[in-house]
Amino acid sequence: MPFPAFVLPRPRFRPLSHLALLVCLVLAAAAGPARAATYYVDAAAPGGDGSSWVQAFTTIGQGLLAAQSGDVVEVSGGTYAETLSTGRAGVTVTGSTASGHNGPVTVKAADGQTVLSVAHASTWRRLTFDGSANTQQYVSVVRITGGTPAFEQCVIGPGQQLLSVGAGGASFSRCTIQGARRGVNYGQVVTINAGSSAVTFDYCLFADMQFGYIRAHTASRVDCNNCLLAGFSGYVLYSSADAAIPGGTNLRNCLLISNGYAADYLIWSESASAAVTLTTCLTQPRSPVDMSGAKYSANVTEVNPLAPGSPRLLHGRRQALVNLGIDDAANIDFWTQVAALCKARGIKSTLALDAADNVSDQDWSTIQTQVNAGNEVAAHSAHHVVLTEKRLLTITYAGTASDAAVTVESAGTAARTLRLTAGGATVAAYDLGSAAYDTIGEVVPAIAALPGFSASLITVPGTSYTSARVLSQDLDATSQALPAGTPVTLVRNDTQFFEDEIAVPKAIIESHLSAPGGAAPYTCDSFIYPFLDVDAQVRQAASQAGFTAARGGYEGNYAMGGFWSGPVPGGYDVLEMWATQPGIILGRHLDATTLSQRVSALLEWAKFTGVAIALFSHGAKEYDLDEWRALIERLAADPEVTFGTLQDLRAFVAANAQSHDGSVYVRTVWPDVADYRPRPGSPLLAAGSPYDRVMADFAGRLVPAGTLPSVGLYQLAGGQPSALPSVLQLLLLGQ
C-alpha cells in the first residue's frame, strides 16, 4: 500500500541566519546522545549521592536503585555485606579498575540469603559472590530467573548451592565457580533450567565441588568452551530422564581432571533428549579409584578426544603428600626390595609390622638397616587381628543337663581360666595363661573335642580374618548359662585387648630397634590398622597408646583441607589416613602408556585436592617388584608431589593447620599456588577445535576466530609473554 502524501505547511517563522544555524548545529553535535551515568560505590566512603568517589554510595544496592538502563555501577574494592537483586534491564555492575579502588570486590550475604538474584538483562564484571555464611541446602549463591545476564571475570562461591540458571539463560566468561560446601552429601550445586534459552560458559573454572554436580535439565543448548572442570568427587555433569536440551550439552576444548572419586560415571545423561558431546577434550579417568571403569553413560559421545595422559600444567592447586609402604612381618624381605627402589628416587617408605608374629633376630637386623636409611616402622597390631571385632568365640551345648554354663575368671583385666560346667560338675577348665591355651585358636578345638560341646572361631566376611590369633587372656570375665542348642558368644575385654594388640607391639618394636645412628632408642609413633578396619574406639586406643599417626583405608581422611559443611570446615584426622593398594586402583600388569595415564590421573587428583595419602601392598603376589618399580618411577617424576613416612605426613598436616582438636587438624586457608597454564610441550597446546568467533582465554589473551585454540583455560604455555590486545581485537571480541 503506498504511503500517504504529506504536504508541508508554509513556515510561520523567520528562517535562521547562517551564523545562528551553524551555532545550533555545533551545539547539537556537542550534546550528542544522552550520556550513560556512572554511579560509584565504596564501602569505606562517608556516603553520598554516588556521583563520584568522594560522594560514593556505601552499598551496591544503592547503586542498583539509582541506575537506569545503560548506566554503570562501579564498585571499589572491599567486602559488601548485602544481598542484591536487579530492578531494571541494561545496568552494568563492575569492580573498579581505578587506582586506589581496584581491590577485590566481595559481596557476602547472611545465612539463608541468596547473594545475587537476577531477573533482568544486566552485566556483572569482576565481582565475587560469597555464600559461605549460608547453612540452608537449597539456597543458591547466584539465582537467575530472567533477562539473559552476562557474567565476566566473576567468582561464584563458596556456598551450599552455587548457581541456578532459570528462564532466559545466561552467559559466563572467564568466571570461577567453586567451593560447594555440602559435606559428603550428593546434590546439584549448579542447576541449569533455562527453558528454551541457551547457557554458555567460555573459559570458566569449575572447582572444589565436593560431592556436588552440574545438573543440566532444560535449555535450548548448553555450551562449555575451554573450561576446566576439576574437584568433583561425584558426577561432573548429570541430566535426568526428563531433561530436555534439544541442542545438547556441548563441551569443547575442555579439561576434566580430579573427578569421580565416588561415582558411576563422570558424565551421566539418562535422557535421549539431552545428549552430551565432548569435542577435543582431555578427560582423565575417574580418580583416584576405579580408573578402569567407564567415564560416560550411553548418551555421551566423544569427538576427537585427547589421550587421557598428563596435561602438564604449570603448578597444581595444592600440596600433595604420599606415603609408600609394605604390610606384614611375612613381607619384610619384599619391603627391603621395594625400599631399595624408593631409595634410588630419594623416597622413604614404611613397614607395617605385626610385631609378635615370628619376627626373627635376622629380621630385626634387616629392619634396623632400613631404619638407619631413614625408613619407618609402624606397628600393625601384635597378631594382625581385626581391631573393631569384639567377638572372640561361640560355644554351643548339645547335652541333656539343664545347668550347663561357661565361666571366664580374670585377674584384673586379664582372663585366667575358662571353665565349663554341666550337671553340677566341672566338665573342663582351661588355664589361659599356659602355652597350650594362650590363644583363642587353641581353646576352640579343645572345647569342640568335649562330648556335648561345640565351639567356633569368629570370622569377618570379605576378609581372611579369624579370631584364632587373639590371645585368650583378652576374653572378658563372664558367667553365662548354655541353653541346649543355643550358641553363646564370648567377647573381649577392651582394655586388655587394646593393651595386647596396640600398646604391646609399640613396646616390642622400640625394644628391638634404635634410632638411625644408634644413639637413642627408636620411637614407634605410627600405627597401621590391620585389614584397614578402624572406628572411634580403636582410634582412641591408638592415641592413648602414644601413636600420633595412623593409616586406615578407603574410608580414611585424604583431603588435608577437609570437606566443608556449610560454614563449618572439615578436619583431617591424622589417626585415620586414607590408604589403598595400587593394584586395586590402577590395575595389574599395565602397559607403560596406560600406567602413565592412570598415575597422572591419581596425581592430578592428589594435587588438586591437597591430599595426604598412602599406597601400600603386601607381597609380590599382590603387586610385584616390577610393578612397584614402574610405579615409583612415574610417581617420582612429578616434582610437585612430596613423599614421606606417616610421621612426615602428620608433621606437615599439623604444621599447616589453622587449628586442631586432638588428632583432628583443620585447615581453612590454602596458599594460592595454582597455575593452570600448560607447560611448554603440553598436549593441551594448540590441540583444540577452532571457534567462529573471537574468544578471550582465562588470562584475557584473545583467541582469534578460526585459529587453533589450546585445550583448557589458557591459550599459551606458562612463561610466554602476554601481548596486549589491539583496539581492533577488542572491538571484534565485543561483537
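Not measured: the values here are computed from a predicted model.

*Asks:* Which residues make up the overall build of the protein chain, and what values do they have?
*Replies:* Helix and strand content of the protein chain: 12 helices and 50 strands. Its C-alpha atoms give the protein chain a radius of gyration of 34 Å, clearly above 27 Å, the size a compact globule of 735 residues would have. Expressed as lengths along the three principal axes of its C-alpha atoms, the size of the protein chain is roughly 140 × 60 × 55 Å. Counting over 735 residues, the protein chain shows a buried share of 54%. Accessible area for the protein chain stands at about 30400 Å²; split by element, carbon and sulfur atoms hold 54% of it. Charged side chains in the protein chain number 44 positive and 58 negative. The centres of these two groups are separated by 15 Å.

*Asks:* Break down helix α10 (residues 625-636) for me, citing the residues and quoting the values.
*Replies:* For α10, built from 12 residues, the straight-helix expectation of 16 Å at 1.5 Å per residue is met to within 8% by its first-to-last C-alpha distance of 16 Å. Contacts from the buried residues of α10 go to β30 (320-327), α3 (332-344), α8 (582-585), α9 (592-609), β44 (612-617) and β45 (641-643). Here α10 starts with a cap whose side-chain oxygen sits 3.1 Å from the backbone nitrogen of Asp626, and that cap is Asp624.

*Asks:* Quick rundown of the nonpolar core? Include the residues and the values.
*Replies:* By size, the foremost hydrophobic cluster in this structure holds 100 residues, and its most contacted members are Ile367 and Leu418. Non-local contacts of Ile367, meaning those with residues more than four positions away in its chain, are made with Ile332, Trp335, Leu351, Leu353, Val359, Val377 and Leu513. Membership of the second largest hydrophobic core comes to 67 residues, among which are Tyr80, Leu229, Leu256 and Leu278.

*Asks:* Can you lay out the environment of Val703 for me, pointing to particular residues and giving the numbers?
*Replies:* One can find Val703 in strand β50 (residues 702-703). When the C-alpha positions of Val703 and Pro690 are compared, they lie 9.2 Å apart, and in sequence the two are 13 residues distant. What Val703 contacts, discounting residues up to four positions off in sequence, is Tyr203, Arg693, Val694, Met695, Asp697, Pro709 and Gln715.

*Asks:* Summarise the pairing of strand β10 (residues 140-144); cite the residues concerned and give the values.
*Replies:* Counting buried positions along β10 yields four of five residues, so the element is predominantly enclosed. Pairing between strand β7 (residues 116-118) and β10: three bridges, direction parallel. Pairing of Val118 across the sheet is with Ile144, part of β10. When β10 meets strand β13 (residues 161-165), the two strands line up parallel, connected through four bridges. Residue pairing in the sheet places Arg143 in a bridge with Ser164 of β13.

*Asks:* I'd like to hear about the packing of aromatic side chains, residue by residue, with values.
*Replies:* All chains considered together, the criterion is met by 33 aromatic pairs. Aromatic pair Tyr213 and Tyr238: ring centres 5.9 Å apart, planes at 80 degrees, arrangement edge-to-face. A residue pair is termed long-range when its members are at least 10 positions apart, and Tyr213 in strand β19 (residues 212-218) and Tyr238 in strand β22 (residues 237-239) qualify at 25 residues. With 5.9 Å between their ring centres and 75 degrees between their planes, Tyr465 and Phe531 make a pair best called edge-to-face. Of this pair, Tyr465 sits in the loop between β37 (453-457) and β38 (478-481) while Phe531 sits in the loop between β40 (526-528) and α7 (536-544), and the two are 66 residues apart along the sequence. Judged by relative accessible area, Tyr465 falls into the buried class, the value being 3%.

*Asks:* Talk me through unusual backbone geometry; I want residue IDs and the actual numbers.
*Replies:* Put simply, Gly157 and Pro158 share a cis peptide bond, and its omega is 5 degrees. Relative to the helices and strands, Pro158 resides in the loop between β12 (155-156) and β13. With an omega of 5 degrees, the peptide bond between Ser287 and Pro288 qualifies as cis. Located in the positive-phi region is Ser258, a residue other than glycine, with phi close to 60 degrees. Tracing the backbone through its elements, the reader meets Ser258 in the loop between β24 (255-257) and β25 (267-269). Since its relative accessible area comes to 3%, Ser258 is described here as buried. A positive phi angle, close to 60 degrees, is found at Phe531, a residue other than glycine. Phe531 gets classed as partly exposed once you look at its relative accessible area, which sits at 26%.

*Asks:* Describe in detail the state of the cysteines, supporting the description with residues and values.
*Replies:* Scanning all chains against the criterion turns up zero disulfides. Counting only cysteine sulfurs, Cys175 is the nearest neighbor of Cys154, a cysteine outside any disulfide, at a range of 5.0 Å. As a non-bridged cysteine, Cys227 has Cys254 as the owner of its nearest cysteine sulfur, 4.7 Å distant.

Rules used throughout
Residues numbered from 1 in each chain as written. Predicted model: local features only at pLDDT ≥ 70, side-chain atom pairs only at ≥ 80, totals over all residues. Heavy atoms only, no water. Helix = DSSP H or I, 4+ residues; strand = E, 2+ residues; numbered from the N terminus. Rg over C-alpha atoms; globule rule 2.2 N^0.38 Å. Buried < 20%, exposed > 50% of the residue type's maximum accessible area, 1.4 Å probe, protein only. Areas by Shrake-Rupley, 256 points an atom, 1.4 Å probe, with all protein chains shown as cover. Lys, Arg positive; Asp, Glu negative; His and termini not counted. Charge placed at Lys NZ, Arg CZ, Asp CG, Glu CD. Expected span 1.5 Å × (residues − 1). Contact = heavy atoms within 4.5 Å. Polar contact = N/O pair within 3.5 Å; in protein donor to acceptor, adjacent residues only side chain to side chain. Core = buried A, V, L, I, M, F, W, Y, C linked by side-chain atoms within 4.5 Å. Pairing = 2+ DSSP bridges. Phe/Tyr/Trp six-rings, centres within 6.5 Å; stacked < 30°, edge-to-face > 60°. Disulfide = S-S within 2.5 Å.

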